[in-house]
Amino acid sequence: MLGFPIDHGVPFVAAFVAATLWAAATAAVFFEPFNVSYDHRAIIIGGNRRMLISAGIHYPRATPDMWPGLIAKSKEGGADVIQTYVFWNGHEPVRGQQYNFQGRYDLVKFAKFIGSQGLFLHLRIGPYVCAEWNFGGFPVWLRDIPGIIFRTKNKPFEDEMQRFVKKIVDLMKQEMLFSWQGGPIILLQIENEYGNIEGHFGQGGKDYVKWAADMALSLGAGVPWVMCRQTDAPETIIDSCNAFYCDGFRPNSYSKPALWTEDWNGWFASWGGRVPHRPVQDNAFAVARFFQRGGSYHNYYMFFGGTNFGRTAGGPLQTTSYDYDAPIDEYGLLTQPKWGHLKDLHAAIKLCEPALVAVDDGPQYVKLGPMQEAHIYASEFVDTSKSVSENVSICSAFLANINEQKTVTVNIFGGTYTLPPWSVSILPNCIHTAFNTAKVTSQTSIKTIKSASPSYSNATKHGHVVPYNENTLFSNKWGTFQEPIGTWGNNSFTAQGIFEHLNVTKDISDYLWYSTRLNITEEDLAFWEKEDILPILTINKTRDMVQVFVNGRLSASKVGNWIPVEQPIHLVEGSNDLVLLSETVGLQNYGAFLEKDGAGFRGEMKLSGFKNGDVNLSNFLWTYQVGLMGEHTEIYSPENQENVDWKDLEFDSVSSSFTWYKQQISSNSQSDSPIFQV
Ligand code: GAL
């Protein structure tokens, strides 16, 4: 899978706006320094309880030029907070030696843009993040540390985790980014949904939770820390909810507010899977119910999903697009009516904020019907049979109909209210309905994407796609370069046995070639002929993709997550080249014991169907070659494409299944005809 999403081009105006905003952003202090604390009801910002709407945006999933626009669109949509993970493997590609805080990984710049637009930041350091990000954010070098077990009580892991978390906290302090320094950071996060896997580690898991909490607090960040999905979070850390609905969530102590760190307003996509969609009516219902039942901080995971650039997508088999069906789409455009309807929802919730923060001991509850209920936030007890009288100075109410089929009319406050199925009406003054989650009145727009793809009038000549047509943007013939099958460079090596994929590649490439040679006798062939069978290549288990080449020809491609392979193959008398290409498509990003998961092949590899028993390929001499030649020589970059000899695409000449295609397109008049790879 050769997918290299290309950074979006920056039109001049956008670049100018970004530069101007950046000048503002670098002018440090964004707020009067303020303290952040919390009580059972809410996060307290500068002494005031707040109802907070947060927008999830992961900085490396956009280009820095997109950041100001994304933050502005989040703010306009009603967000008070931007939430992001911190991506360890992006920031520390080489252990302790090489750090990357540039370009898409310029976390400081991202944080400053947020502050400059007057928004807050919730920084989820992890440093395990899950996030459909390669290896859940762990650097692959972490698995090479002797004795390490990820995410449980052991010194090798704790030392590395602490070093990175401290580095980030120190960097944020140095850049004056915490609230008490006049910066935007109001909340942090340590670990991520550890509660889901804690059971695998017994006492070690429990001790690790305490260690992680103490370690985080020892760093003196001065703002509250969150652990999501962590019912045994210590008293000093706020446990929070991640789910599609969180209105029933209660933190593990009365002293903590109800926070919803991940509202899954869409979902990620996997290769070959469907493109997920969550209707905004349902999403708005979930959010309104959360605030109705006492929630106080809510984050959209994701408000902008973006793109998994380069090789950052997680696994198994997640796509390069991380659009997530989010209110802002992968390209930074509004998804309507999602964005608009949620904006209206946020405006209604904000009108209720004074009442929501005023109530200390929970809302007044009124059962309105078998599946209908009201929660009233008022300065004093309300007689709900009457219109809200003048002397109730502050009153907001949420009326919910959780019946999925029926519209219901309810009576309250001396009036009648019609509630559509599965909906919440928000009454900021306990009289008028400002918003109903099921009634979408915001703009609906349908995006049509005009692609630069050619017309396919000749598309299937001789079974090959012929992507050339003089009426299209493609002005040149397509160039092709056939990737050598197997060993191509002098950096290959030969050894006995099947080595684990990541131990060899160290994840510098998705690709690992395994080549061997076997001798077939006349008797073997005669035996197969007589029995009318073919020898069968058996691989105990493999992930994510394996391609089997016999004597230079593709004989099978298998895709899956630790699937067995049993593949009949054609061999000839004499010497036969057997080449396996093992490909990772995003390393596992979720689960316990990720350090052991690995990639490529597991268990035995053999050839069966011989007269005298199986041939054990696991004992053979194999030659290992990391990466593709085209990848190694970067033939996809404009500077290096001449490193190989490109041939014009001829209709009848595509004999290898492993071919690079090259075309030049002009994306707009100002650009320099970037290379477009397929
Ligand atoms: C959560 C996790 C996130 C992300 C999400 C699915 O469980 O915390 O990082 O993976 O699932 O998109």
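Residues numbered from 1 in each chain as written. Predicted model: local features only at pLDDT ≥ 70, side-chain atom pairs only at ≥ 80, totals over all residues. Heavy atoms only, no water.

Digging into the state of the cysteines
Then step 1. This model, assessed by the stated rule, comprises two disulfides.
Then step 2. Covalently, cysteine 241 is tied to cysteine 246 through a disulfide, its sulfur atoms 2.0 Å apart. Measuring the twist about the S-S bond at about -80°, one finds the cysteine 241-cysteine 246 disulfide to be left-handed.
Then step 3. The class for cysteine 241 is buried, based on a relative accessible area of 10%. (Disulfide = S-S within 2.5 Å. Buried < 20%, exposed > 50% of the residue type's maximum accessible area, 1.4 Å probe, protein only.)

Considering the site of the ligand
Then step 1. Near the ligand there are 15 residues, and of these Tyr85, Ala131, Glu132, Glu193 and Tyr324 occur at the shortest range.
Then step 2. Between the ligand and valine 129, the relevant distance is 3.1 Å, taken from an oxygen atom to a main-chain nitrogen or oxygen of the residue.
Then step 3. For the ligand, an oxygen atom lies 2.6 Å from a polar atom in the side chain of glutamate 132.
Then step 4. When isolated, the ligand has an accessible area of 310 Å², and the protein chains bury 94% of it. (Near = heavy atom within 4 Å. Polar contact = N/O pair within 3.5 Å; in protein donor to acceptor, adjacent residues only side chain to side chain. Areas by Shrake-Rupley, 256 points an atom, 1.4 Å probe, with all protein chains shown as cover.)

A few points about the pattern of salt bridges
Any two side chains of opposite charge can pair, so long as their charged atoms come close to each other.
Then step 1. Following the criterion strictly, the structure yields 38 salt bridges and no others.
Then step 2. The structure contains a network of salt bridges with shared partners spanning Arg50, Asp80, Lys350 and Glu353. (Salt bridge = Lys/Arg side-chain N within 4 Å of Asp/Glu carboxyl O.)

A short note on the nonpolar core
Then step 1. Counting 132 residues, the largest nonpolar core has Leu123, Met172, Trp225, Leu345 and Ile426 as its most contacted members.
Then step 2. Two domains each put at least three residues into this core: domain 1 (9–331) and domain 3 (493–627).
Then step 3. Contacts of tryptophan 225, omitting those with residues within four sequence positions, involve Ile125, Val165, Val169, Leu188, Gln189, Ile190, Ala216, Leu217, Ile237 and Ile238.
Then step 4. Membership of the second largest hydrophobic core comes to 25 residues, among which are Val504, Leu518, Leu607 and Tyr624. (Core = buried A, V, L, I, M, F, W, Y, C linked by side-chain atoms within 4.5 Å. Domains from an automatic or database assignment. Contact = heavy atoms within 4.5 Å.)

Quick word on the sheet that holds strand 18 (residues 435–436)
Then step 1. The strand order across the open sheet formed by five strands is 12-13-14-17-18, and the pairing between neighbours is antiparallel. A single partner strand is all that each edge strand has here, and the edge strands are strand 12 (364–369) and strand 18.
Then step 2. Contacts from helix 8 (residues 338–358) reach strand 13 (372–378), strand 14 (395–401), strand 17 (423–427) and strand 18, with the element oriented near 135° to strand 14. (Pairing = 2+ DSSP bridges. Helix = DSSP H or I, 4+ residues; strand = E, 2+ residues; numbered from the N terminus. Axes fitted to C-alpha atoms, helices over the stretch in contact; angles between N-to-C directions.)

Side note on the packing of helix 7 (residues 280–292) against helix 8
Then step 1. Look at helix 7 against helix 8: their axes get within 10 Å of each other, and the N-to-C directions meet at 10°. Our classification of the angle between helix 7 and helix 8 gives roughly parallel. Touching Val280, Asn283, Ala284, Val287, Ala288 and Phe291 of helix 7 are Lys338, His341, Leu342, Leu345, Ile349 and Leu356, all from helix 8.
Then step 2. Looking at side-chain class alone, the contact of helix 7 with helix 8 contains nine nonpolar, two polar and one charged residues. (Parallel < 35°, antiparallel > 145°, perpendicular 65-115°, else oblique. Nonpolar A, V, L, I, M, F, W, Y, C, P; charged D, E, K, R; others polar.)

Considering the sheet that holds strand 1 (residues 36–38)
Then step 1. With antiparallel pairing, the three strands of this open sheet are ordered in space as 1-2-3. At either end of the open sheet lies a strand with only one pairing partner, and these are strand 1 and strand 3 (48–50). Across the sheet, the mean angle from the axis of one strand to that of its neighbour is 40°, orientation sign disregarded.
Then step 2. Alignment of strand 2 (residues 43–45) against strand 3, held across three bridges, turns out to be antiparallel. Of the residues in strand 3, the one forming a bridge with isoleucine 43 is arginine 50.

Thoughts on unusual backbone geometry
Then step 1. Methionine 302 follows tyrosine 301 through a cis peptide bond whose omega is 10°.
Then step 2. Here methionine 302 lies in strand 11 (residues 295–304).
Then step 3. Between glutamine 336 and proline 337 the backbone carries a cis peptide bond, its omega angle lying at 10°.
Then step 4. As for its position among the elements, proline 337 is in the loop between strand 11 and helix 8.
Then step 5. One non-glycine residue with positive phi stands out, namely cysteine 130, at about 65°.
Then step 6. In this fold, cysteine 130 is placed in the loop between strand 6 (120–126) and helix 5 (155–174).
Then step 7. Positive phi outside glycine occurs at aspartate 532, with the angle close to 55°.
Then step 8. Tracing the backbone through its elements, the reader meets aspartate 532 in the loop between helix 10 (522–531) and strand 22 (536–550).

A closer look at the confidence of the model for the chain
Then step 1. For the chain, mean pLDDT is 91; residues scoring 70 or higher make up 89% of the total.
Then step 2. Of the regions scoring below 50 in pLDDT, residues 1–14 engages in 30 contacts with residues more than four places distant in sequence or in other chains. (pLDDT = per-residue confidence, 0-100.)

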